[in-house]
Amino acid sequence: MSPPLFNFVDVKEKFTAAARQALCGKTCKHLITVFNQISGNETEKKTTLDQALRGALGDQIVEQKTSCDEYLSLIYLSIDAVTEGICSATTPFVLLGDVLDCLPLDMCDKIFCFVEENVSTWKSSSFYSAGKNYLLRMCNDLLRRLSKSQNTVFCGRIQLFLARLFPLSEKSGLNLQSQFNLDNVTVFNKNEQDSTLGQKQTDEKEDTMEVEEGEMGEDDAPAPCSIPIDYNLYRKFWTLQDYFRNPLQCYDKFSWMTFLKYSDETLAVFKSFKLDDMQASKRKMKDLRASDGEHVYFAKFLTSEKLMDLQLSDSNFRRHILLQYLILFQYLKGQVKFKSSSCVLNDDQSAWIEETTKLVYQLLRETPPDGDKFATMVEHILNTEENWNAWKNEGCPSFVKERSVDDKPKRPTRKRQAPEDFLGKGPDRKIFMGNDELTRLWNLNHDNMEACKSESREFMPSLDEFFAEAIEQADPVNMIEEEYKVVRNPNYGWRALRLLSRRSPHFFQPTNQKFKSLADYLDSMVSKLAKELPKDIPSEEIKTGEEDDDDNGDNLLKESNDSPSIQSKTVTGQQMDELAVKLGAKWKTLASHLDMKAAEMREIETDSEDVEMQAKLLLVAWQDREGQQATVENLVTALNASGFSQIADSLSES
């Protein structure tokens, strides 16, 4: 029996109802359940769900929702559907395009905030390849609807979003041929007869109240520009914008002469009329008050003749013009791949550009506020721009460097090697490891295992050699300050701990003594080593208690080589272990005769629940406190006083 035919209309109605229910519940689970219950091809079901979601969005647009939340909820639902694999990856982008095409600009601004916040989602592997072209088309459609002068911030946000979305090597976002925006024409009055400059200057001088030198007006307003502004200056100044718009004109001989003449006059005006820092700061404060603290930006120049006087007195306007000069000079001097062969500067032009560049930087430093800082920042940015120009000239190579393959000359070999050659049994006895450096290292010695046992491979120092300087510094006679001792060096301390763990039994003996720092612990160990290390026995022969039970650390724990009797020896670790086993739970009786405080006894009980370990901790704490006086004789006396005479006798015999 053949399977039933797929009914597009019925399935679409089911998906539409499920989508509306999912929007109410703000979860995609019900939609997934309906998708799995419907029989049919996966591709057919995905296509039908795409159409159902788009139809649901169309219904919302027709209802003219005043809030963007319902549109965004449907787009979020489509993203979850793509993640669950029940919807096409292009559906969220199609829905976004439909919404932005049908809504006014104020609501498009809110929708685009959602697009910006989810840039990480668009760049994920599930969405990027399927939606990058949709996003690019959507942004271009938005830019066509926006005004660059009235919606400047919105346009900038779109450009920044595209810069975050696409990688730097994306060719669609690069101006590879270094083309200029020739449509950016600056409009100004080119008819001298219509000019109003210079008509009322005489009347204004007569009507103006004379002010003595050093006085200001009522409002302390900055004085207007002292340069006489006529139509010629106005025309020459704004004509320069055409050269900034299309720098290729500068390579024409007659156009260059015009540019040279107009630039000299304009820069001479800037140089002769220097802005006062106080004037600029007052004007800047007034502008901030007028705009409620918000920065005001105009995408196009205001070329009215009446504003020329104020523009020459504006520090931001002056910086804008000077920066245009630096960008133009960088293009004229730089190496651009798509420049024509005729676009070459002669020596006179290059010399003039060098001198004028220095003059422009000087004017930037003299323009308040923070002229030096601004000029330094501009110079740094333009130097960085040269790196981008070089990258474009090289064809925009990928920023990910591929691992280079070393084309090393192959070692001449025979077509068929003899077995003794590659097995190391031939006359040369050389074993090839597949790499020149590995082969050299492997054949340094004929028997590598024996070479590893050589005395020259022993790098671990002895205890007396390593701690010699520390023992010498610990002697009060040498009067070494604490901060200059080697035990205060963290590097020395780390190496000392490793050496003690290898060659000193004290490193593994438990103790109740608390140390605030590693340096204090090393001071304690140095004092013990200074008393215990014999001069005639190397530290390599010191035993740790694991090699020989009969001679467990006796040589290390000797106070001197000519001890008068065994009773004056300090108690060894093995003796303390034997005593701890014999004492057991009766260790508190001995503690009172060893002058242990009640707080110390409670701390011992807290550290361990094993009675034998508690007895061992008691003896260790007593040894740490007594130091050199922790002898067998003193311990025997305390045992006899506590009533442990048998234990005392066994300790004396040992």
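- Per an unreviewed UniProt entry, the chain carries the name THO complex 1 and comes from Cyprinodon variegatus.

Some points on the pattern of salt bridges
Next, step 1: Under the definition given, this model contains 18 salt bridges.
Next, step 2: For Arg54, the salt bridge is made with Asp98, and the minimal N-O distance between the two is 2.7 Å. Here Arg54, found in helix α3 (residues 42-62), pairs with Asp98, found in helix α5 (residues 91-102); they are 44 residues apart in sequence, far enough to count as distant.
Next, step 3: For the salt bridge of Lys236 with Glu265, the shortest nitrogen-to-oxygen distance reads 2.9 Å. Highlighted residues: Lys236 in helix α11 (residues 231-245) and Glu265 in helix α12 (residues 253-272), separated in sequence by 29 residues.
Next, step 4: Assessed through its relative accessible area of 29%, Glu265 is described here as partly exposed.
Next, step 5: Three or more residues are tied together by salt bridges with common partners; here these are Glu482, Lys485, Arg488, Asp520 and Asp523.

What to know about the nonpolar core
Next, step 1: Counting residues in hydrophobic clusters, the biggest one holds 55 residues, and the most contacted among them are Phe15, Ile111, Trp122 and Phe161.
Next, step 2: Broken down by element, the residue count for this core peaks at eight residues, all from helix α4 (residues 69-84).
Next, step 3: Excluding anything up to four places from it in sequence, Phe15 contacts Leu31, Val34, Phe35, Ile38, Lys45, Thr48, Leu49 and Ala52.
Next, step 4: Counting 43 residues, the second largest nonpolar core, distinct from the first, contains Phe270, Phe329, Trp352 and Val360.

A look at the packing of aromatic side chains
Next, step 1: In this structure the tally under the stated criterion is 31 aromatic pairs.
Next, step 2: For the pair Phe329 and Trp352, a centre-to-centre distance of 5.8 Å together with 85 degrees between the ring planes defines the contact as edge-to-face. Taken together, the residues span a long stretch of sequence, with Phe329 in helix α15 (residues 315-333) and Trp352 in helix α16 (residues 347-366) at a distance of 23 residues.
Next, step 3: Classification of Trp352 by relative accessible area gives buried; the value is 13%.
Next, step 4: Here the aromatic residues Tyr243, Phe244, Trp256, Phe259, Tyr325, Phe329 and Trp352 are joined through ring pairs into a cluster of three or more.
Next, step 5: The ring of Tyr134 has Arg137 lying over it, and the distance from NZ or CZ to the ring centre is 5.4 Å.

So, the environment of Pro167
Next, step 1: Among the secondary structure elements, Pro167 is positioned in the loop between α9 (152-165) and α10 (201-207).
Next, step 2: Sequence separation of Pro167 and Lys123 is 44 residues, and the distance between their C-alpha atoms is 10.0 Å.

Considering the packing of α3 against α5
Next, step 1: Direction vectors running N to C along α3 and α5 enclose 20 degrees, while the axes themselves pass 10 Å from each other. The angle between α3 and α5 places the two elements in the roughly parallel class. When you trace α3 past α5, the crossing you get is right-handed. Taking contact as the criterion, the partners of Asp50, Leu53, Arg54, Leu57 and Ile61 in α3 are, on α5, Thr91, Val94, Leu95, Asp98, Val99 and Cys102.
Next, step 2: Here the contact of α3 with α5 is built from residues that sort into seven nonpolar, one polar and three charged.

Some points on the confidence of the model for the chain
Next, step 1: Mean pLDDT for the chain: 80, with 81% of residues reaching 70 or above.
Next, step 2: No element of the chain has a lower mean pLDDT than α10, at 48, and none a higher one than α16, at 95.
Next, step 3: Residue range residues 205-223 is modelled with pLDDT below 50. Its contacts to residues more than four positions away, or to other chains, number seven contacts.
Next, step 4: Of the regions scoring below 50 in pLDDT, residues 536-567 engages in 49 contacts with residues more than four places distant in sequence or in other chains.

Here we look at unusual backbone geometry
What is expected of a backbone is that most residues other than glycine have negative phi and most peptide bonds are trans.
Next, step 1: The omega torsion across Pro368 and Pro369 is -5 degrees, close enough to zero to call that bond cis.
Next, step 2: Inspection of the secondary structure puts Pro369 in the loop between α16 and α17 (371-393).
Next, step 3: Positive phi outside glycine occurs at Asp595, with the angle close to 60 degrees.
Next, step 4: Checked against the element boundaries, Asp595 lands in the loop between α26 (587-593) and α27 (598-607).
Next, step 5: Taking the relative accessible area as the measure of exposure, Asp595 reaches 61% and is therefore exposed.

Brief notes about the side chain of Asp98
Next, step 1: Overall, Asp98 belongs to the buried group, its relative accessible area being 18%.
Next, step 2: Residues in contact with Asp98, not counting those within four places in the same chain, are Arg54, Leu57 and Ile61.

Concerning the environment of Leu359
Next, step 1: One can find Leu359 in helix α16.
Next, step 2: With residues near it in sequence (within four places) discarded, Leu359 still touches Leu267 and Lys271.

Details of helix α23 (residues 490-503)
One turn of the α-helix equals 3.6 residues, which is why residues spaced by three or four share an orientation.
Next, step 1: Look at α23: 20 Å from first C-alpha to last across 14 residues, which is about the 20 Å you get at 1.5 Å a residue.
Next, step 2: Of all the residues in α23, the buried ones are Tyr492, Gly493, Ala496, Leu499, Leu500 and Arg503. For α23, the buried positions fall inside an angular range of 130 degrees around the axis, keeping them on one side. In this structure, α23 carries Pro490 and Arg502 as exposed residues pointing more than 90 degrees from its buried face.
Next, step 3: The secondary structure elements touched by the buried residues of α23 are α21 (463-466), α22 (468-474) and α24 (518-532).

Comments concerning a nonpolar patch on the surface
Next, step 1: A grouping of Met433, Leu438, Leu441, Trp442 and Leu444 is seen on the molecular surface, where their side chains present a nonpolar patch of about 500 Å² in accessible area.
Next, step 2: Along the polypeptide, Met433 turns up in the loop between α18 (419-422) and α19 (436-442).
Next, step 3: Taking relative accessible area as the criterion, Met433 reaches 38% and is therefore assigned partly exposed.

Conventions and cut-offs
- Residues numbered from 1 in each chain as written.
- Predicted model: local features only at pLDDT ≥ 70, side-chain atom pairs only at ≥ 80, totals over all residues.
- Heavy atoms only, no water.
- Salt bridge = Lys/Arg side-chain N within 4 Å of Asp/Glu carboxyl O.
- Helix = DSSP H or I, 4+ residues; strand = E, 2+ residues; numbered from the N terminus.
- Buried < 20%, exposed > 50% of the residue type's maximum accessible area, 1.4 Å probe, protein only.
- Core = buried A, V, L, I, M, F, W, Y, C linked by side-chain atoms within 4.5 Å.
- Contact = heavy atoms within 4.5 Å.
- Phe/Tyr/Trp six-rings, centres within 6.5 Å; stacked < 30°, edge-to-face > 60°.
- Lys NZ or Arg CZ within 6 Å of the ring centre and 35° of its normal.
- Axes fitted to C-alpha atoms, helices over the stretch in contact; angles between N-to-C directions.
- Parallel < 35°, antiparallel > 145°, perpendicular 65-115°, else oblique.
- Left-handed = near helix turned anticlockwise from the far one by under 90°.
- Nonpolar A, V, L, I, M, F, W, Y, C, P; charged D, E, K, R; others polar.
- pLDDT = per-residue confidence, 0-100.
- Expected span 1.5 Å × (residues − 1).
- Arc of directions from axis to C-beta.
- Patch = residues over 30% accessible without salt bridge, like charges linked within 9 Å, V, L, I, M, F, W, Y side chains within 5 Å.
- Areas by Shrake-Rupley, 256 points an atom, 1.4 Å probe, with all protein chains shown as cover.

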